[in-house]
Amino acid sequence: MADSIQQQLQQLVLLSDSVGTGGAVAGSGGVSTVEEAMEQLGPLIHSVYRANKQKLFRQQVDLFAQRKDAEIMKLCGNYHQEFVQSVAQLLKVRQNTSELQEKVVGLNAELQQSGKSLYEKKAELLGLRREQRNIQLAVDAVKDCQEVVRMVAGFDEQVETKQYYSAIKTLGGLKDVYLPQIRKYAFGKVLESSIPHMETKLQGAALRDMKDWLYGLKKTTRDIGRHLDTRMKKKQGLWAERDATIKERHFVSSAVQFVLDEEFDHDDPITVEMMPLYQCLHINEKLGRRAEFRRSFTEDRSDQLSLILASPVHFAPGQLASFEAVLFDIIGFFVVEHNILASAPDFRSKSDVDTLWDMCIAKLSDILARGIQAIRGDPEVSHSLQGVLTTFTYVMEENAYDVRKLRDLMMAIFGA
């Protein structure tokens, strides 16, 4: 019975050995071998208990374990030296690894310290570079603003000294060149808000000069009117001499007389200084205020003509000088208008001048209507006034003004 139990245990050991060595290779076949061993172990234990051989079975198992322990001891004895050497090497490697780890930790600490110092230096360098950049930007901004301040001061000086062309150029440079560069600064916003005031200041200064020029024209226009009136009277004397030599009396129009007198007209042409007007016009064009200036100028000229026509006149013997002075002013006024129309037709239109001329004729009609009794009541006054108005008509006709209404007025007053 003992031999039978021992044989069965040996078979189980062999089966378990085959599972230990071949099971990993066999894959699923190793699992079936283990199952077979377990199936054989069950009947074995069952037969042991049935035969009441438990003690014998334990003895056989102990013997089997002792043999295996002996085998293990023999195996360990064969490889003990190598195992000891391997353990020694492993301990040495462990020691070296610990030392290396300490060195790595130390090196890491040094590296972190160096990195921290480098980071601090880098941060300091970046801060200095930012400061340098900010300083450079500030310097550039100050230079730009300094140039702007210089130009603004120069603009004020140019306006005060009436250098309007230079002032408009300076203002254009501020608006188009420098303002876009400094608009991001607070000073740029101040300048931007000041530009309209500077434009108004320049426009106002030029407009004041132009109005001073208009006011100064009062004496100039009267001198122009007197000069043209005197010259026309000379021509009328020449016409009378020419008519006296003509045997057959035929009517010769004033236009023909003007043509005949061209070769005798050697007087210097009348020139009127227009610089203040052209200067003001140029400035308003540059400022985009041409239409506003045109309306203002039209109103000023209309008011000026109204003042001329509102002058007191007297129709009495020896007192026609006041009316003649009005006519001199009218002649000079419209000669200036003619020159403006010829030199700046896109600013002053013919319809504007014609409107003023029609207004003038209407006001002259009112003046003559109010003094009609004095005019017709004194032949001397009537004759003198007719001569004055005739000369005035010729002068205005010579300067390309329509005098048909004026002639109709004279016909109504003096008859044929």
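Scroll up a little and you will see the structure.
A brief structural summary. Residue indices begin from 1 for each chain and proceed along its sequence in written order. Only residues with pLDDT of at least 70 get local features here, since the model is predicted, and only at 80 or more are side-chain atom pairs given and counted; chain-wide, interface and lining totals rely on the full set of residues. Hydrogens are left out, water is left out, and the side-chain values use all remaining heavy atoms of the structure.

**Structural notes on the side chain of D209**
Residue placement: D209 occurs in helix α5 (residues 186-245). The contact rule is simple, with two residues in contact once any of their heavy atoms fall within 4.5 Å. In contact with D209, not counting residues within four places along its chain, are K162, Y164 and P276. Numbering of helices and strands starts at the N terminus; helices are DSSP runs of H or I of at least 4 residues and strands are runs of E of at least 2.

**A closer look at the side chain of S382**
Position of S382 among the secondary structure elements: in helix α12 (residues 379-398). In this structure S382 touches I375 and F414, once residues within four positions along its chain are discounted.

**Considerations on the environment of D354**
Here D354 shows up in helix α10 (residues 350-370). Given the relative accessible area of 29%, D354 is considered partly exposed. The spacing of D354 and Y401 is 47 residues in sequence and 8.3 Å in space, taken between C-alpha atoms. The buried label goes to any residue with under 20% of its type's maximum accessible area, the exposed label to any with over 50%, and the partly exposed label to all in between, with areas taken from a 1.4 Å probe on protein chains only.

**A few points about the pattern of salt bridges**
One side-chain nitrogen of Lys or Arg within 4 Å of one carboxyl oxygen of Asp or Glu is enough to make a salt bridge. Counting across every chain of the model gives 23 salt bridges. Residue R348 is joined to D352 by a salt bridge in which the shortest nitrogen-to-oxygen separation is 4.0 Å. Residue classification places R348 among the buried residues on the basis of a relative accessible area of 1%. The exposure class of D352 is buried, given its relative accessible area of 16%. Residue R407 is joined to E397 by a salt bridge in which the shortest nitrogen-to-oxygen separation is 2.9 Å. With R407 in helix α13 (residues 404-414) and E397 in helix α12, this pair connects stretches of sequence that are 10 residues apart. Counted as one network, the salt bridges with shared partners bring together R294, R301, E337, R348 and D352.

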